[in-house]
Amino acid sequence: MLRWLLMIVTVATPCVLGAEEADQFQAETRLYPEAPEFTVAPRNYKKKFRHDCTRCHEAEDADPEPRQLKTRHIREIDHGGNRFWCLTCHDGENMDFLRTSRNEKIKFDQSYLICGSCHANRQKDWYFGAHGKRVSGWQGDRVILACTQCHNPHSPATEARKPKPFPPVRIGLERQQPHIPAITQSWKP
Amino acid sequence: MASSKRNKEVKPEAVNQYRRGFLTRLGLTTATAVTSVSAHGAWSGKTMEDGFADFFQQHYRRMTEDELQETLRRIERKAKHQHGVRISCVDTPPLDGVVFGYAINVSKCKGYRDCVEACLEENNLAPDIRYISVLELDEGSMNLELADRYYEHEEVPVEGKFYMPVQCMQCDNPPCVKACPVNATWKESDGIVVIDYDWCIGCRYCMAACPYSARFFNWTQPELPAERINTNTNYLGNRPRPVGVVEKCHFCTQRTRMGRQPACQEACPTGARIFGNLLDPKSEIRYVLENKAVFRLKEDLGTEPKFWYFSDR
């Protein structure tokens, strides 16, 4: 009897949660209905972006007071000119989710709904394909990257790095220098 | 007098014997030669048949389907012999209702040159050829004569500079096509300007005609290490090229005609490159052209490039 009860609970819980999630996560299609259909590519966060917040925050509630963060946190938030605190974007009740300025609980994959609350122009471009990157082919299903798959949300500027080597010069030739125009004397009558 | 003398000395039976001997020897030699050609592959690995077929190969647009298939198989055999790699060479026709266009967001390009590297690997380029040049320019200037394509920095982007990749603009009114004296280069129905490398005579008139310096000449036999060869090749695209022909960017025909993105778009880490079908009103490229302030290089020449630039600002 107990085994059956356990089984029912195990099977039913995700279904109920799934229905609840479906209600919560219907925010995106409202913004630009005329934008072409898309799906967001599966998350492939780099290690530095990977957070398992609920591991600690299940037991301990997130402190809404801004302060110097200690272990297992990001030391600095280089975004928003020091006006941001974790709970600006993260959901205080469940740290594995985000919360938009319209108080909608969303998944990490839907980060573009939050980014758009400040960067509306970029968000519009992203919906229509002028910003961001399409990772599928140019035809067929449109699979695009979400904001946080290129930008680190805690420091969103594109990082400077060493470029790939410059093109070789054919043997026997010299590297072509930019033409510096000779300074000519100003015309005098 | 001499003939009568020979007639006197050589008997008719002997002549017959001579001739018979000669014909036997000739026959044997020919048989041996043909056997060795077909069995061992004489002519430095190429069969005599392939050698002749190469010589008499038709222009791409005049080949029948059978001739084309035969040519493709021959190209594969040649690559196996020259580079020791088994490649697959196909001919993918242009798609109906598709004209390709490209747009680059110069605000997003950071000058990493990832596109240049990806192109090198994808298109089996000779070590001294790059289809894409990333130009480094001073912010606020558009003087291409002052652009540096050989920039070397510890880190890019450099303060006060911006980066602008240039490659073949796939002009709608291509001057290179007009300059070619043998019709070895032409514009396909999907807007890509292609080259039949086997028809090119290497006169380089097209290079002189191109205002974007987008064409390159193989001065030597391209050295392609076997491990670097991309085996997915296309007749008008990235198949290994012979010495003495001109080549250029072809929007990765081997990928884009199969619905994939060009290698440079796929490699771009900042999403600065937008590729798509100009005839599809819902495509990203159309959104860019309709909603952004776009410009093209050397527009005043009337070449009508299908390659646009825009910025976020």
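Owing to the predicted nature of the structure, the values given are computational and were not obtained by experimental measurement. (Residues numbered from 1 in each chain as written. Chains lettered and ligands numbered in written order. Predicted model: local features only at pLDDT ≥ 70, side-chain atom pairs only at ≥ 80, totals over all residues.)

Describing the overall build of chain B
- Counting its regular elements, chain B contains 10 helices and 11 strands.
- Out of the 313 residues belonging to chain B, those deemed buried represent 38%.
- Long-range contacts, defined as pairs at least 24 residues apart, comprise 64% of the intrachain contacts of chain B with a sequence gap of at least 6. (Helix = DSSP H or I, 4+ residues; strand = E, 2+ residues; numbered from the N terminus. Buried ≥ 20, exposed ≤ 12 C-beta atoms within 10 Å, placed from the backbone. Contact = placed C-beta atoms within 7 Å.)

Notes on the overall build of chain A
- Along the backbone of chain A there are 5 helices and 4 strands.
- The helix and strand sequence of chain A, counted from the amino end, reads α-β-α-α-β-β-α-α-β.
- Buried residues in chain A amount to 16% of all 189 residues.
- Taking all contacts inside chain A whose residues are at least 6 apart in sequence as the whole, residues at least 24 apart take part in 58%.

Thoughts on the interface of chain A and chain B
- Contacts between chain A and chain B engage 26 residues on the former and 40 residues on the latter.
- Residue composition of the side of chain A that touches chain B, grouped by class: 11 nonpolar, 8 polar and 7 charged. (Nonpolar A, V, L, I, M, F, W, Y, C, P; charged D, E, K, R; others polar.)

So, the sheet that holds strand β11 (residues 307–310) of chain B
Residue and element names in this part refer to chain B.
- Here 3 strands make up an open sheet; going across it, the order is β10-β2-β11 and the pairing mixed. The two strands at the open ends of the sheet, each matched to only one other strand, are β10 (273–277) and β11. On average, adjacent strands in this sheet sit at an angle of 20° to one another, irrespective of strand direction.
- Here strand β2 (residues 100–105) runs beside β10; their pairing, made up of 5 bridges, is antiparallel. In the sheet register, A103 faces β10, and the bridge partner there is I274. (Pairing = 2+ DSSP bridges. Axes fitted to C-alpha atoms, helices over the stretch in contact; angles between N-to-C directions.)

Things to note about the nonpolar core
All names here are of chain B.
- Residues A103, C115, C119, I132, C264 and V288 are the most contacted members of the largest nonpolar core, which totals 76 residues.
- With 5 residues, the single largest contributor to this core is helix α5 (residues 114–122).
- Every residue in contact with C115, bar those within four places of it in the chain, is listed here: I132, P165, C264, A267 and C268. (Core = buried A, V, L, I, M, F, W, Y, C linked by C-beta atoms within 7 Å.)

Overview of the environment of F275(B)
- For F275(B), the position within the fold is in strand β10.
- F275(B) gets classed as buried once you count the C-beta atoms within 10 Å, which come to 24.
- The spatial distance from the C-alpha of F275(B) to the C-alpha of F251(B) is 9.5 Å, given a sequence separation of 24 residues.
- If sequence neighbours within four positions are ignored, F275(B) has contacts with W138(A), Y102(B), Q261(B), P262(B), Q265(B) and I285(B).

Considering the environment of C168(B)
All names here are of chain B.
- Examined against the element boundaries, C168 turns out to sit in the loop between β4 (161–166) and α6 (175–179).
- C168 gets classed as buried once you count the C-beta atoms within 10 Å, which come to 25.
- Apart from residues no more than four positions distant in its own chain, C168 is found in contact with Y131, V193, A214, K248 and C249.

What about the confidence of the model for chain B?
Residue and element names in this part refer to chain B.
- Averaged over every residue, the pLDDT of chain B is 89; residues scoring 70 or more account for 86%.
- Of the regions scoring below 50 in pLDDT, residues 1–8 engages in 0 contacts with residues more than four places distant in sequence or in other chains.
- Low confidence marks residues 36–42, where pLDDT is under 50. Its contacts with residues over four positions away, or in another chain, come to 7 contacts.
- Two summary scores accompany this predicted model of the complex, namely pTM at 0.83 and ipTM at 0.82. (pLDDT = per-residue confidence, 0-100.)

A few points about the environment of L69(A)
- Position of L69(A) among the secondary structure elements: in the loop between α2 (54–57) and α3 (86–89).
- A residue is classified by how many C-beta atoms lie within 10 Å of it, and L69(A), with 14 of them, is partly exposed.

With respect to the confidence of the model for chain A
- Summing up the model confidence of chain A, the mean pLDDT is 78 and the portion of residues at 70 or higher is 74%.
- Across residues 8–23 of chain A the pLDDT falls below 50, and counting only partners more than four positions away or on other chains, this stretch makes 0 contacts in the model.

Digging into unusual backbone geometry
- In this structure, P157(B) follows V156(B) across a cis peptide bond, with omega equal to 0°.
- Along the chain, the position of P157(B) falls in the loop between β3 (133–138) and β4.
- Residues other than glycine seldom take positive phi values, yet N103(A) does so here, at roughly 65°.
- Of note, N103(A) is situated in the loop between β2 (98–99) and β3 (105–106).

What to know about helix α4 (residues 65–83) of chain B
- Between its first and last C-alpha atoms α4(B) spans 27 Å; for 19 residues at 1.5 Å apiece the expected length is 27 Å, and the two agree.
- Of the residues flanking the end of α4(B), it is G84(B), one or two places downstream, whose phi is positive at about 70°. (Expected span 1.5 Å × (residues − 1).)

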